[in-house]
Amino acid sequence: MTGPGGRLRTVGSTEIAGALASALDGGPVVAPLPPEPVERRRALAVLRPDQPVTESDAAVVVVTSGSTGRPKAAVLSSAAIRASVEATHARLGGPGDWVLALPGHYVAGLMVLARTVLGRTRAWPVRSDLRDLPATVPDLSGRRYLSLVPTQLSRARREDRVWEALGTFDAVLIGGGRTEAGLLAEARASGIAVVPTYGMSETCGGCVYEGRPLDGVDVVISDGGQILIGGNVLFSGYRLRPELTQASLVDGRLVTADRGRWTDGRLEVLGRWDDVVITGGLNVDLAEVEAHVRSWAERSGADAVVVGIPDAEWGTKIVAVTDRGGDLADLQHAVRRSLPAYAAPRALVSLKRLPRLASGKPDRRAIRALVARGDGAAEPTR
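Rules used throughout
- Residues numbered from 1 in each chain as written.
- Predicted model: local features only at pLDDT ≥ 70, side-chain atom pairs only at ≥ 80, totals over all residues.
- Heavy atoms only, no water.
- Phe/Tyr/Trp six-rings, centres within 6.5 Å; stacked < 30°, edge-to-face > 60°.
- Helix = DSSP H or I, 4+ residues; strand = E, 2+ residues; numbered from the N terminus.
- Buried < 20%, exposed > 50% of the residue type's maximum accessible area, 1.4 Å probe, protein only.
- Lys NZ or Arg CZ within 6 Å of the ring centre and 35° of its normal.
- Contact = heavy atoms within 4.5 Å.
- Pairing = 2+ DSSP bridges.
- Salt bridge = Lys/Arg side-chain N within 4 Å of Asp/Glu carboxyl O.
- Core = buried A, V, L, I, M, F, W, Y, C linked by side-chain atoms within 4.5 Å.
- 1 Å grid on protein atoms, 1.4 Å probe; cavity = no way out; pocket = protein on both sides within 12 Å on 5 of 7 lines; lining within 4 Å.
- Points joined across faces, edges and corners; volume = space filled by probe spheres on them.
- Nonpolar A, V, L, I, M, F, W, Y, C, P; charged D, E, K, R; others polar.
- Axes fitted to C-alpha atoms, helices over the stretch in contact; angles between N-to-C directions.

Caption draft 1: Seen up close, the packing of aromatic side chains. The final tally for this structure, using the stated rule, is two aromatic pairs. Summarising the aromatic geometry, the rings of Trp 98 and Tyr 145 are spaced 4.9 Å apart at their centres and angled 40° between planes, so their arrangement reads as tilted. Of this pair, Trp 98 sits in strand β5 (residues 97-100) while Tyr 145 is found in strand β7 (residues 144-148), placing the two residues 47 residues apart along the sequence. Exposure remark for Trp 98: the relative accessible area of 0% places this residue in the buried category. Directly above the aromatic system of Trp 314 lies the positively charged group of Arg 346, at a separation of 3.3 Å from the ring centroid.

In structure tokens:
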């Protein structure tokens, strides 16, 4: 049974494609579940499959990654998913085979499957580290596409065969976070057709490609710089959280947590609304600092994030966190070449591995907690 009063059908990774096809054709509303036990328990707590579906147009319920707070369950309609798929095909040049290198229970992977279901093409699963991508490429037919997060693209540079295989795709979508300009330039110089995207679960994934909204998507910037998104790809609301839905959908637009501006007719995403912190009485944009820290870290092949930690002296102490360490003075010098001195990180912490969500994004809450605890997993560099 679909629509109000119907039950939610939860499925594992091997069932997602078939259940999605059924849901888009009017079948039971589907909620993909992550394979990891802890994540699955968290997802079920948000989804509450014992409760009936209340949205009349529901087709899929996808759980957000919860990188900055409690996960939410976004309800997507068949119409919104179809609109996103059609607009993507129109922008990229038509349907094609897709390589699935992202988890299907998150929106980026789910939309890869939706594009193949509706385009009547095929999805080819590969490992998240792309090691088996070169062996998969010969099996693809027609136009070929791939969707990645920035970390996957960055690590692909270490494997010549993988890097070369990426150059055979008609488009490689990059989303889920900021991608360094240097990395994009290097990929393009190597013949890789990278397409930076911006979007979220609430917009059926990427809805802005290379700074330009897809057909049917309307993006405006509020007077305060907040990104507001309208159009036919919007979600129907958050499952069982009407108060949150009301706060997020205002006058037919999604009020995002992101800041942006228009530059030469293209949307430039500046960072999250809560990325601005006060340190020593001065405002600092953590997203802007992180962009420079990541450029510095990439010189040694490292990955990096920047977090703000409560501090008695500074109010908020800016900390750079990498997976390879480095010299704090050198980092500060690199940042201060472009930003005010007070914006430079006051500490550099090395983690053996940056915690990540299943979606591939850095788990900022976990990183912030490790740094704040200083329990031995995080080694400060002085």
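Caption draft 2: Spatial organisation of the environment of Ser 147. With respect to the helices and strands, Ser 147 occurs in strand β7. Ser 147 sits in the buried class, given a relative accessible area of 9%. Aside from chain neighbours lying at most four places away, what touches Ser 147 is Trp 98, Val 99, Ala 101, Leu 102, Val 112 and Leu 173.

Caption draft 3: The arrangement of the pairing of strand β13 (residues 226-231) in detail. Of all six residues in β13, five are buried; the element is thus mostly enclosed. Where strand β12 (residues 217-221) folds back on β13, the antiparallel hairpin that results is connected by four residues, among which Gly 225 adopts a positive phi of roughly 95°. Judged from the three bridges that link them, β13 and strand β16 (residues 253-263) form a sheet pairing that is antiparallel. Looking at the pairing, Gln 226 lines up with Arg 259 of β16.

Caption draft 4: Up close: the pattern of salt bridges. Here the structure, examined in full by the defined rule, presents 15 salt bridges. Here Asp 170 and Arg 143 are joined by a salt bridge, their closest N and O atoms 3.7 Å apart. Separated by 27 residues along the polypeptide, Asp 170 in the loop between α7 (160-166) and β8 (171-174) and Arg 143 in the loop between α5 (133-136) and β7 bring together distant segments of the chain. A salt bridge links Glu 268 to Arg 261, with the shortest nitrogen-to-oxygen separation between them at 2.9 Å. What makes Arg 261 partly exposed here is its relative accessible area of 43%. Linked through salt bridges whose partners overlap, the residues forming this network are Glu 180, Arg 294, Asp 303 and Arg 356.

Caption draft 5: Region of the structure containing the nonpolar core. In terms of nonpolar packing, the biggest core is built from 47 residues, with Leu 76, Ile 81 and Ile 229 touching the most fellow members. Ignoring sequence-local partners within four residues, the contact set of Ile 229 consists of Tyr 198, Met 200, Thr 203, Cys 207, Val 217, Asp 218, Val 219, Leu 234, Gly 252, Arg 253, Leu 254 and Thr 256. Among the nonpolar cores identified, the runner-up in size contains 24 residues, and Leu 133, Ala 156, Val 162 and Val 172 belong to it.

Caption draft 6: Seen up close, the layout of surface pockets. For the second largest pocket, the calculated volume is near 390 Å³. Residue lining of the second largest pocket: 20 residues in total, with Ser 128, Asp 129, Thr 151, Gln 152 and Arg 155 positioned closest to the centre. The class makeup of the residues in the lining of the second largest pocket is eight nonpolar, five polar and seven charged.

Caption draft 7: Main features of the sheet that holds β8. If you walk across this open sheet you meet the seven strands as β6-β5-β7-β8-β9-β10-β11, and the pairing is mixed. Each edge of the sheet is formed by a strand with only one pairing partner; in this case those strands are β6 (123-125) and β11 (212-213). Strand direction decides the pairing type here: β8 and strand β9 (residues 194-200), joined by three bridges, are parallel. Residue pairing for β9: Leu 173 is matched across the bridge by Val 195. Contacting β5, β6, β7, β8, β9 and β10 (205-209), helix α4 (residues 107-119) runs over the sheet at an angle of about 155° to β5.

Caption draft 8: Seen up close, the environment of Gly 109. Tracing the sequence through the fold places Gly 109 in helix α4. Residue Gly 109 is classed as buried on the basis of its relative accessible area, which comes to 0%. Here the alpha-carbon distance between Gly 109 and Ser 147, two residues 38 residues apart in the chain, equals 7.9 Å. Setting aside residues no more than four positions away along its own chain, Gly 109 makes contact with Leu 100, Leu 102, Pro 103 and Gly 104.

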